[in-house]
Amino acid sequence: MEPVRVGLVGAGPWAEMVHAPALAAGPHTTLSGVWARRPEAARSLADAHGAPSFERLEDLFAASEAVAFCVPPAVQAELGVRAARAGRALLLEKPLAADLDGARRLAGAIEEAGVASQMLFTFRYSAATAGFLDRARRIEPFGGHAANISGSLRGGPFATPWRLERGAVLDVGPHMIDLLDAALGRVVAVKAHGDPLGWVGLLLEHEGGAVSEASLSMAAEGEAPPSRVEVYGRLGNATLLGSELGDVFPEVVRQFAGTVRDGGGHPLDARHGLRMQEIIDDVERQLRAG
């Protein structure tokens, strides 16, 4: 299979640490170029990987078969629509957008254009997660718990403006909800309490009768334990630790290249991202209402 030419939108810390190296490494993809709102950052990142940088987004599209996004959620929703309308496949970060309206517009543009899409729910690309979900299916699960606790809002590369404004629900919430959804059945209802910039607790109801809880915080002081998902059933239990995931990005890139060549069909597509966004929107509405 010929490597897929993937253009990168964004040149921040996550693009520098993860997206650009993974796309440039091959053999499934080549980095066809970088575009960012700060041209100097795009040039620096592109130069580091022997790729061109572009000052016009349309020129990046023209040089690429697919586009990977590493920008704030609101920007992804805006520019993702343009990429879809240009006929390019999309590798999208979670959350799909900053709000439900943006997510619906982007998912609608992708469907209307008929282009392939894939969401970067990083936990789901690990062999450890696949083993956890296989075990969860075999234990007749009835409940579970997830926790993702960190101090990311206190400083460092991920204390970015959108995270400092919206907090844990929009950032790590999709990961934990997605894993509980995959392990216990489709989430059909959620109750929420707390503060997105402090601590949020979720009570989830799943199709089939299972229930679960999730604890989310990015404001913890000191060293925090690894994220954790536990599922309990009539025939046993299953546990997944974030420290077990390993480097998932080679697998992300491999699967995305296959998604592009197949014309779509990945289970973690924009429609899945939209469903997670609908749950997040419900959570945030409840928290605003107190």
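That block above? That's the structure.
Residues numbered from 1 in each chain as written. Predicted model: local features only at pLDDT ≥ 70, side-chain atom pairs only at ≥ 80, totals over all residues. Heavy atoms only, no water.

Trainee: Sorry if this is basic, but what is going on with the nonpolar core here?
Mentor: When a protein is soluble and globular, its nonpolar side chains tend to lie buried together. Counting residues in each nonpolar core, the largest one holds 101 residues, and the members touching the most others are L8, V9, F69, L90, L92 and L202. A total of seven residues in this core trace back to one element, the largest contributor, which is helix 11 (residues 270-289). Ignoring anything within four residues of it in the chain, the contact list for L90 reads V67, F69, G80, A83, A84, L106, I110, V115, A116, S117, Q118 and F256. (Core = buried A, V, L, I, M, F, W, Y, C linked by side-chain atoms within 4.5 Å. Buried < 20%, exposed > 50% of the residue type's maximum accessible area, 1.4 Å probe, protein only. Helix = DSSP H or I, 4+ residues; strand = E, 2+ residues; numbered from the N terminus. Contact = heavy atoms within 4.5 Å.)

Trainee: What's the story with the pairing of strand 3 (residues 66-69) in this structure? I'm lost.
Mentor: Remark: a regular strand shows side chains that alternate across the two faces of the sheet. Of the two faces of strand 3, the one holding A66 and A68 and the one holding V67 and F69 are both buried throughout. Bridge count between strand 1 (residues 4-9) and strand 3: four bridges; the pairing is parallel. Along strand 3, the bridge assignment pairs L8 with A68. Direction of pairing for strand 3 relative to strand 4 (residues 89-93): parallel, over a ladder of three bridges. Within strand 4, the residue paired with V67 across the bridge is L90. Taken together, strand 3, helix 4 (residues 73-85) and strand 4 form a β-α-β motif whose crossover is right-handed. (Pairing = 2+ DSSP bridges. Right-handed = clockwise from strand over helix to strand, strands pointing away.)

Trainee: How do you make sense of the sheet that holds strand 2 (residues 29-35) when you look at a structure like this?
Mentor: Think of a sheet as strands paired side by side through backbone hydrogen bonds, with each pair either parallel or antiparallel. Strand order in the open sheet formed by five strands is 2-1-3-4-5, with parallel pairing between adjacent strands. The open sheet has two free edges, formed respectively by strand 2 and strand 5 (117-120), since each of these has just one partner strand. For this sheet the average axis-to-axis angle between neighbouring strands, irrespective of direction, equals 20 degrees. Along the sheet face, helix 10 (residues 249-262) touches strand 1, strand 2, strand 3, strand 4 and strand 5 and points at about 165 degrees away from the line of strand 5. (Axes fitted to C-alpha atoms, helices over the stretch in contact; angles between N-to-C directions.)

Trainee: Honestly, the packing of aromatic side chains in this entry has me stumped. Any pointers?
Mentor: Pairs of aromatic rings are described using the distance from one ring centre to the other and the angle between the two planes. A complete count under the given rule lists two aromatic pairs for this structure. When the ring of W14 is compared with that of F158, the centres are 5.6 Å apart and the planes differ by 75 degrees; the resulting orientation is edge-to-face. Remark: F158 occurs in the loop between strand 6 (141-149) and helix 7 (161-166) and W14 occurs in helix 1 (residues 13-25); sequence separation between them is 144 residues. Classification of W14 by relative accessible area gives partly exposed; the value is 28%. According to the relative accessible area criterion, F158 is partly exposed, its value standing at 26%. Their ring planes at 75 degrees and their centres at 5.7 Å tell us that W14 and F249 sit as a pair that is edge-to-face. Here the residue W14 occupies a position in helix 1, and F249 occupies one in helix 10, the gap between them amounting to 235 residues. For F249, a relative accessible area of 12% gives the class buried. In textbook terms, an aromatic cluster arises when at least three aromatic residues are bridged by ring pairs, as seen for W14, F158 and F249. (Phe/Tyr/Trp six-rings, centres within 6.5 Å; stacked < 30°, edge-to-face > 60°.)

Trainee: Please clarify how the pattern of salt bridges should be interpreted in this entry.
Mentor: Pairing between side chains of opposite charge can happen when their charged atoms approach one another. According to the stated counting rule, one finds 17 salt bridges in the structure shown. With a closest N to O distance of 2.7 Å, K94 and D171 form a salt bridge. Here the residue K94 occupies a position in the loop between strand 4 and helix 5 (100-113), and D171 occupies one in helix 8 (residues 168-171), the gap between them amounting to 77 residues. For the pair K94 and D171, a shared accessibility class is recorded, and that class is buried. (Salt bridge = Lys/Arg side-chain N within 4 Å of Asp/Glu carboxyl O.)

Trainee: When you look at the packing of helix 4 against helix 5 in this model, what are you seeing that I'm missing?
Mentor: When two helices pack together, their arrangement is given by the angle between their axes and by how far apart the axes lie. Contact pair helix 4 / helix 5: the axes reach a minimum separation of 9 Å and the direction vectors enclose 10 degrees. One way to sum up the angle between helix 4 and helix 5 is to call them roughly parallel. The residues of helix 5 that touch helix 4, namely those facing Q76, A77, G80, V81 and A84, are G102, R105, L106, A109, I110 and A113. Grouping the constituent residues of the contact of helix 4 with helix 5 by class yields seven nonpolar, three polar and one charged. (Parallel < 35°, antiparallel > 145°, perpendicular 65-115°, else oblique. Nonpolar A, V, L, I, M, F, W, Y, C, P; charged D, E, K, R; others polar.)

Trainee: Just checking my understanding: could you explain the environment of R37 for this structure?
Mentor: In this structure, R37 sits in the loop between strand 2 and helix 2 (39-48). Here R37 falls in the exposed class, since its relative accessible area comes to 56%. Put simply, R37 and A113 are 76 residues apart on the chain and 25 Å apart in space, counted from C-alpha to C-alpha. Ignoring anything within four residues of it in the chain, the contact list for R37 reads P72 and V75.

Trainee: Any chance you could explain the sheet that holds strand 6 here in plain terms?
Mentor: Taken in spatial order, the six strands line up as 7-8-9-6-10-11 in an open sheet, and their pairing is mixed. Each edge of the sheet is formed by a strand with only one pairing partner; in this case those strands are strand 7 (187-194) and strand 11 (236-241). Across this sheet, the average inter-strand angle for adjacent strands is 10 degrees, counted without regard to direction. Judged from the six bridges that link them, strand 10 (residues 228-233) and strand 11 form a sheet pairing that is antiparallel. If you follow G233 over to strand 11, its bridge partner there is G236. Along the sheet, helix 6 (residues 127-138) contacts strand 6, strand 10 and strand 11; its crossing angle with strand 11, the most-contacted strand, is approximately 165 degrees. Of the strands in this sheet, strand 6, strand 7, strand 8 (200-206), strand 9 (211-217), strand 10 and strand 11 are in contact with helix 9 (residues 173-184), which crosses strand 6 at around 165 degrees.

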